[in-house]
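Residue-level structural notes
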Amino acid sequence: MMSHYVPLELINSILPRLPVKSLIRFLCVSKEWSALINSSNFIKKQLNHSIETNSDRTLILKETYINPPLQSRFFSVPYFDNDQFGKAVQIYQPLHNWDILDFCHGLVCLLYYKYKEKEDIAIWNPLIRKYRKLPREPIGEPESSYNSFFRFGFGYDPSNDDYKVVRIAEFYEGPVLMDFFEVKVYSLKSQCWKKIEKQLPIKEIWSMQSVSLNGAFHWIVEQDDGLKSILAFDLASEKFRLYRKPLNEGVPILDVLGGCLCFIDVVDETYSDFWLMKEYGDESSWTRIYKIEAGAVPWNIDYFKPLLFSKNGKKVLMEDVSLFWYDLEKKRGKKVKNQSFPKRFKTATCIGSLLLLDGNNVIDPK
């Protein structure tokens, strides 16, 4: 055995630098290697290496349709250091007709939700083909409520080294939105839901889903005075805070780009402004980084989702129903041409991660 000739300390230093697919194969080398790779310390070490080096990157594509069939397909696409993409390979999908809610550290949060039906949520690591289905949580609906609507989010709590899902329920009395919200948070570490007793200091949530960054969830909201702001919920302190957003003329949208909070102002089909909060929490650090005007791309889409910067920082990978690179200097968009891609899809960006490999109550399709 290699471990008889190479010190285990050296093996422990080399293995975290390897791609996840290789590490999964190496589980069969020996009981010693399997125990090492399955250990929580190794999983954390491997994840930290992937984050620090931004390596072993993969795009997960969920095929979408104008008229959905009985089930859609998922694909895995290697993303190389030269900003090129490999061949899209269909991968095992654990749950049919589930949507991508959000993604973080190689984990993809999947959601199945239909109006007036109970939601189902799962946290999935597509590279190791394991997932955890969250327990269903009852809703504390007021007696006078006629209807309810949900907002979801998924992200990382660095203070507690935990991955969490948030569910916010809004309630309606007839057509009128009630002055009451129910906020519950699921912890992957404790494997249970927790109700947040504090009420949201707002009138209405505008964002369809939350944006996760720096251990907090974020939404575009409307305050009682009609002013639109950004609401942040800190996962460690479980406190809410409001931030001013840039002035906008159109529809405000929130996202994350380059490790910063990204504010997007979509003005019909005229143009879209993209702003970054360069210093998190500092409202004076909002900086407009680029603007996509009508004609910059040869097709009409109401909203372009920013995914990541190119290696040299001069382009932004964007998603509409497919992928394109937006050149910040030329101010033009160019579609990514890859014949193996499905025609329409939704994207999750993943780094190599072994998260869920050592977890309890994790479903292994094998």
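The model shown is predicted, which means the values in this text are computed figures rather than measured ones.

Of note, D83 is a non-glycine position whose phi angle comes to about 65 degrees, a positive value. Here D83 shows up in the loop between β2 (74–79) and β3 (89–91). For K331, which is not a glycine, the phi torsion comes out positive at approximately 55 degrees. Mapped onto the fold, K331 is located in the loop between β23 (323–327) and β24 (332–335).

With that settled, the discussion passes to the packing of helix α3 (residues 31–38) against helix α4 (residues 40–53). The geometry of α3 relative to α4 is characterised by a closest axis approach of 5 Å and an angle of 65 degrees between their N-to-C directions. Mapping the contact onto sequence places L36, I37 and N38 in α3 and S40, F42 and I43 in α4. In terms of residue class, the contact of α3 with α4 is made up of four nonpolar, two polar and no charged.

Moving on: the sheet that holds strand β22 (residues 315–319). Strand order in this open sheet of four strands is β21-β22-β23-β24, and the pairing throughout is antiparallel. Only two strands of the sheet have a single partner each, and these edge strands are β21 (305–309) and β24. Across this sheet, the average inter-strand angle for adjacent strands is 30 degrees, counted without regard to direction. Here β23 runs beside β24; their pairing, made up of four bridges, is antiparallel.

It is worth spelling out the packing of aromatic side chains at this point. Scanning the entire structure with this criterion turns up 18 aromatic pairs. Ring geometry for F233 against F240: centres 4.8 Å apart, planes inclined by 35 degrees, an arrangement best described as tilted. We note that F233, like F240, is buried. Put simply, the rings of Y79, F85, W325, F341 and F345 pair up and form one aromatic cluster. Geometry around W193 places R167 over its ring, the cationic atom sitting 5.7 Å from the centre.

Here four bridges tie strand β15 (residues 228–234) to strand β16 (residues 240–243), and the two strands are oriented antiparallel to one another. Within β16, the position partnered with A232 by the bridge is R241. What sits between the antiparallel neighbours β15 and β16 is a turn of five residues, in which E238 has the positive phi angle 60 degrees.

A separate point is the pattern of salt bridges. Throughout the structure, instances matching the rule amount to 15 salt bridges. As a salt-bridge pair, D81 and R57 come within 3.7 Å of each other at their nearest N and O atoms. Of this pair, D81 sits in the loop between β2 and β3 while R57 sits in strand β1 (residues 57–63), and the two are 24 residues apart along the sequence. Overall, D81 belongs to the partly exposed group, its relative accessible area being 49%. Linked by salt bridges that have partners in common, K62, D99 and K346 make up one network.

Time to look at the pairing of β15. Counting buried positions over the seven residues of β15 gives five, a clear majority of the element. As paired strands, strand β14 (residues 216–222) and β15 are joined by seven bridges and run antiparallel to one another. Within β15, the position partnered with W219 by the bridge is L231. Linking two consecutive strands that pair antiparallel, namely β14 and β15, is a turn of five residues; a positive phi of about 90 degrees is found at G226 within it.

About the thresholds
Residues numbered from 1 in each chain as written. Predicted model: local features only at pLDDT ≥ 70, side-chain atom pairs only at ≥ 80, totals over all residues. Heavy atoms only, no water. Helix = DSSP H or I, 4+ residues; strand = E, 2+ residues; numbered from the N terminus. Axes fitted to C-alpha atoms, helices over the stretch in contact; angles between N-to-C directions. Contact = heavy atoms within 4.5 Å. Nonpolar A, V, L, I, M, F, W, Y, C, P; charged D, E, K, R; others polar. Pairing = 2+ DSSP bridges. Phe/Tyr/Trp six-rings, centres within 6.5 Å; stacked < 30°, edge-to-face > 60°. Buried < 20%, exposed > 50% of the residue type's maximum accessible area, 1.4 Å probe, protein only. Lys NZ or Arg CZ within 6 Å of the ring centre and 35° of its normal. Salt bridge = Lys/Arg side-chain N within 4 Å of Asp/Glu carboxyl O.

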